[in-house]
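Residues per chain are reported as follows:
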Amino acid sequence: RTSMLSPGASANLVTFDDVGGLDKEVDQVRELIETPLMYPHVYDHLGINPPRGILLHGPPGVGKTHLARAIANEIGAHFLYVNGPEILSSVQGGTEANLRSIFEEAMESAPSIVLIDELDAIAPPRRDTGHTDARMGTQLLSLLDGLVSMEDVIVVGTTNRPEALDPALRRPGRLDRELLIGPPSVAGRLEILRIHTRGMPLEPDAQTWLPELAALTHGYTGADLVNLAREAGLHALRRHAGPGLRALAASGHDTAHVLVTQDDLLHA
Ligand code: ATP
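Residues numbered from 1 in each chain as written. Predicted model: local features only at pLDDT ≥ 70, side-chain atom pairs only at ≥ 80, totals over all residues. Heavy atoms only, no water.

Colleague: How should I be thinking about the overall build of the protein in this particular structure?
Modeller: Scanning the protein for helices and strands turns up 11 helices and five strands. Surface accessibility of the protein: about 13300 Å² in total, with carbon and sulfur atoms responsible for 53%. (Helix = DSSP H or I, 4+ residues; strand = E, 2+ residues; numbered from the N terminus. Areas by Shrake-Rupley, 256 points an atom, 1.4 Å probe, with all protein chains shown as cover.)

Below is the structure:
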């Protein structure tokens, strides 16, 4: 089962402080997840079924997975990560068995959040698929239906292509809440840049020019901004070491005084 869990899924303790530019979305997802998991009696009182599943959709790299992980950590729920394409097993019947064991663990360790990343990989519209996939879609639906009766498990699916999902999955009682996560605004990009440069040795006047960089990076997702910060760090090292980066590192030379400058970020 380890191969289905993302590396560091539990070690990597993402919190709300690590999520930038998604305040409204954090509140919405939190309400959809936290209330049914932690305070189910609210729904009993109203005589309605609490939400069981949420679909987060939007372009790659905007932080759908990141957000779900932060929420699980913040509310102290057990978090299970399933990567859609990775769980697809070549062994016939293997995928169903994998899913079943994940859902069993979710029930045993409840309250739990099961995140199924790239859900479209395992639940395409049934008319589009061959025999095996069609059976799997049915299996997933019946597993989800089983979860409907569980008070303390929530399924969060993510996809870049909501139209490529079996519509039956989006019916009431299944993943019936949908939230679009879009690319960040300029204010969001600034928050994300601050988060991902927190651990970097930026030159002292960084705060004055990070907003400029946020303005310049229209269309960048969170994942793009992570890459930008990493590239800037590498550029600072190369600038310092010239062509001899390997020799510099091998010599044990002190790099403590290397600062990442505006030029490094602009270059990246
Ligand atoms: P995909 O559809 O490709 O799975 P995704 O929307 O789930 O993408 P993530 O995998 O959550 O995106 O984002 C990739 C990485 O980018 C995260 O691990 C995180 O470091 C960073 N990131 C993305 N969005 C944000 C954000 N809003 N705030 C902070 N970091 C972010």
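There's plenty left to go through after this.
Colleague: Sorry, what's going on with the site of the ligand here?
Modeller: Lining the immediate environment of the ligand, one finds 19 residues, of which Gly 20, Gly 61, Lys 64, Thr 65 and His 196 sit closest. At 2.8 Å, a backbone N or O of Gly 20 approaches a nitrogen atom of the ligand. Separating an oxygen atom of the ligand from a side-chain N or O atom of Asn 160 is a distance of 3.0 Å. Burial of the ligand by the surrounding chains reaches 79%, relative to a free accessible area of 630 Å². Elements supplying a minimum of two residues to the shell around the ligand: α3 (64-75), α7 (186-197) and α9 (222-241). Classifying every residue of the shell around the ligand by side-chain character gives eight nonpolar, eight polar and three charged. (Near = heavy atom within 4 Å. Polar contact = N/O pair within 3.5 Å; in protein donor to acceptor, adjacent residues only side chain to side chain. Nonpolar A, V, L, I, M, F, W, Y, C, P; charged D, E, K, R; others polar.)

Colleague: What is the right way to look at the pairing of strand β3 (residues 112-117) in this model?
Modeller: Within β3, six of the six residues are buried, which leaves the element mostly enclosed by the surrounding structure. Burial along β3 is two-sided: the residues Ser 112, Val 114 and Ile 116 and Ile 113, Leu 115 and Asp 117 are all buried. The pairing of strand β2 (residues 78-83) with β3 spans six bridges and is parallel. The residue bridging Leu 80 from the neighbouring strand is Val 114, located in β3. Strand direction decides the pairing type here: β3 and strand β4 (residues 153-159), joined by five bridges, are parallel. Within β4, the residue paired with Ile 116 across the bridge is Gly 157. (Buried < 20%, exposed > 50% of the residue type's maximum accessible area, 1.4 Å probe, protein only. Pairing = 2+ DSSP bridges.)

Colleague: In this structure, what is going on with the sheet that holds strand β1 (residues 53-57)? I would like to understand it.
Modeller: The pairing of strands in a sheet comes from backbone hydrogen bonds and takes either a parallel or an antiparallel form. Strands sit in the order β2-β3-β4-β1-β5 across an open sheet of five strands; the sheet is parallel. The two strands at the open ends of the sheet, each matched to only one other strand, are β2 and β5 (177-180). Sheet twist, expressed as the mean angle between neighbouring strand axes with direction ignored, is 20 degrees. (Axes fitted to C-alpha atoms, helices over the stretch in contact; angles between N-to-C directions.)

Colleague: For this particular structure, what's the right way to read the environment of His 45?
Modeller: Within the secondary structure, His 45 sits in helix α2 (residues 41-46). When the C-alpha atoms of His 45 and Glu 104 are compared, they prove to be 28 Å apart, with 59 residues separating the residues in sequence.

Colleague: Just to check I follow, could you spell out unusual backbone geometry for this structure?
Modeller: Most peptide bonds are trans, and most residues other than glycine sit at a negative phi. A cis amide bond links Ala 110 with the next residue in sequence, Pro 111, at an omega value of 5 degrees. When you line up the elements, Pro 111 lands in the loop between α5 (94-108) and β3. The backbone phi angle of Glu 118 is positive, close to 50 degrees, even though this residue is not glycine. Looking at the element boundaries, Glu 118 is found in the loop between β3 and α6 (131-148). The exposure class assigned to Glu 118 is partly exposed, which follows from its relative accessible area of 37%.

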